[in-house]
Amino acid sequence: MMNEKMVAALNQQINEEYYSSYIYLAMAAYLDDSDLDGMGHWMRMQAQEEYLHAMKIFDFMVERGARIKLSAVAEPPFEWETPLAAFEAALDHERYMTDNINKLVDLAISERDHATNNIMQWYVSEQVEEEANVEGIVKKMKMMGDSGQGLFLMDRELASRPVPTIVADGQ
Ligand code: FEO
């Protein structure tokens, strides 16, 4: 049985993960509109991954007998100044999400909710990967500067991102 504070915090995190999905979908729309289909594809895959992050918490709460309460998802931004600005915003967003996860770990520890702490450790590792992936893209995009050829090659590279999956055992 999960306590009320923990249930409320996890409900909020489901909303945050849905917002993440939504903001990446907005970035996909912006990049598609800029004829950067590979980058748009990468953002679509990221949006799907965020949906899976939300559902992993959803399923965990169901398993624990906690009542899920969905709330309104905020409207994401409509556009960014440049493709680089969009990826920089994605990196800022991932850092924000890492902070959220760390707070959930703190709460799980203070509430002595070991099961939630355990699943949150998966998210701790996932956030290291999430930040590193976006940071790598931002660094490469900064290296290529305003080069159209660089943008073209980056777009082609990001087009190969596979469809994300999260298997049931949390790996
Ligand atoms: Fe679910 Fe990218 O944080």
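For the structure, check the block above.
First things first, this report covers the structure right here in the doc. (Residues numbered from 1 in each chain as written. Predicted model: local features only at pLDDT ≥ 70, side-chain atom pairs only at ≥ 80, totals over all residues. Heavy atoms only, no water.)

1. Thoughts on the nonpolar core
Part 1 of the reasoning: Counting 25 residues, the largest nonpolar core has M27, M39, M43 and F87 as its most contacted members.
Part 2 of the reasoning: Those elements that place two or more of their residues in this core are α1 (4–33), α2 (37–64), α3 (83–110), α4 (114–144) and α5 (148–158).
Part 3 of the reasoning: The dominant element in this core, judged by the number of residues it contributes, is α1, at 8 residues.
Part 4 of the reasoning: One finds M6, M61, L104 and Y123 within the second-largest nonpolar core, a separate group that totals 21 residues. (Core = buried A, V, L, I, M, F, W, Y, C linked by side-chain atoms within 4.5 Å. Buried < 20%, exposed > 50% of the residue type's maximum accessible area, 1.4 Å probe, protein only. Helix = DSSP H or I, 4+ residues; strand = E, 2+ residues; numbered from the N terminus.)

2. Examining the packing of α1 against α3
Part 1 of the reasoning: α3 packs onto α1 with a crossing angle of 170 degrees between their chain directions and a minimal axis gap of 11 Å. It follows from the interaxial angle that α1 and α3 lie roughly antiparallel.
Part 2 of the reasoning: Its residues placed into classes, the contact of α1 with α3 shows 20 nonpolar, 4 polar and 4 charged. (Axes fitted to C-alpha atoms, helices over the stretch in contact; angles between N-to-C directions. Parallel < 35°, antiparallel > 145°, perpendicular 65-115°, else oblique. Nonpolar A, V, L, I, M, F, W, Y, C, P; charged D, E, K, R; others polar.)

3. What to know about the side chain of E94
Part 1 of the reasoning: Note that E94 resides in helix α3.
Part 2 of the reasoning: The side chain of E94 is buried and forms no salt bridge, while R161, the nearest opposite charge, is found at 8.4 Å.
Part 3 of the reasoning: Leave out the neighbours within four places in its chain, and E94 touches Y24, Q46, E50, Q127, E130, E131 and V134. (Lys, Arg positive; Asp, Glu negative; His and termini not counted. Salt bridge = Lys/Arg side-chain N within 4 Å of Asp/Glu carboxyl O. Contact = heavy atoms within 4.5 Å.)

4. Points about the packing of α2 against α4
Part 1 of the reasoning: Across the interface, α2 lies against α4 with an axial gap of 12 Å and an inter-helix angle of 175 degrees. It follows from the interaxial angle that α2 and α4 lie roughly antiparallel. Within the contact between the two elements, α2 uses M39, W42, Q46, E49, E50, H53, K56, I57, F60 and R64 and α4 uses A115, T116, I119, M120, W122, Y123, E126, E130, V134, I137 and M141.
Part 2 of the reasoning: Considering only residue class, the contact of α2 with α4 consists of 12 nonpolar, 3 polar and 6 charged.

5. A look at unusual backbone geometry
Part 1 of the reasoning: Even without a glycine there, the phi angle at D35 is positive, about 60 degrees.
Part 2 of the reasoning: Within the secondary structure, D35 is located in the loop between α1 and α2.
Part 3 of the reasoning: D35 gets classed as exposed once you look at its relative accessible area, which sits at 65%.
Part 4 of the reasoning: Phi is positive for R112, which is not a glycine, with a value near 55 degrees.
Part 5 of the reasoning: Tracing the sequence through the fold places R112 in the loop between α3 and α4.
Part 6 of the reasoning: Assessed through its relative accessible area of 65%, R112 is described here as exposed.

6. Here's the deal with the side chain of E126
Part 1 of the reasoning: One can find E126 in helix α4.
Part 2 of the reasoning: Among buried charged residues, E126 stands out as having no salt bridge; its nearest opposite-charge side chain is R161, 7.0 Å away.
Part 3 of the reasoning: Within the structure, the side chain of E126 is placed 3.0 Å from the side chain of H53, a separation counted as a polar contact.
Part 4 of the reasoning: Excluding residues within four positions of it along the chain, E126 makes contact with E49 and H53. (Polar contact = N/O pair within 3.5 Å; in protein donor to acceptor, adjacent residues only side chain to side chain.)

Purely geometric numbers; function is a separate question.
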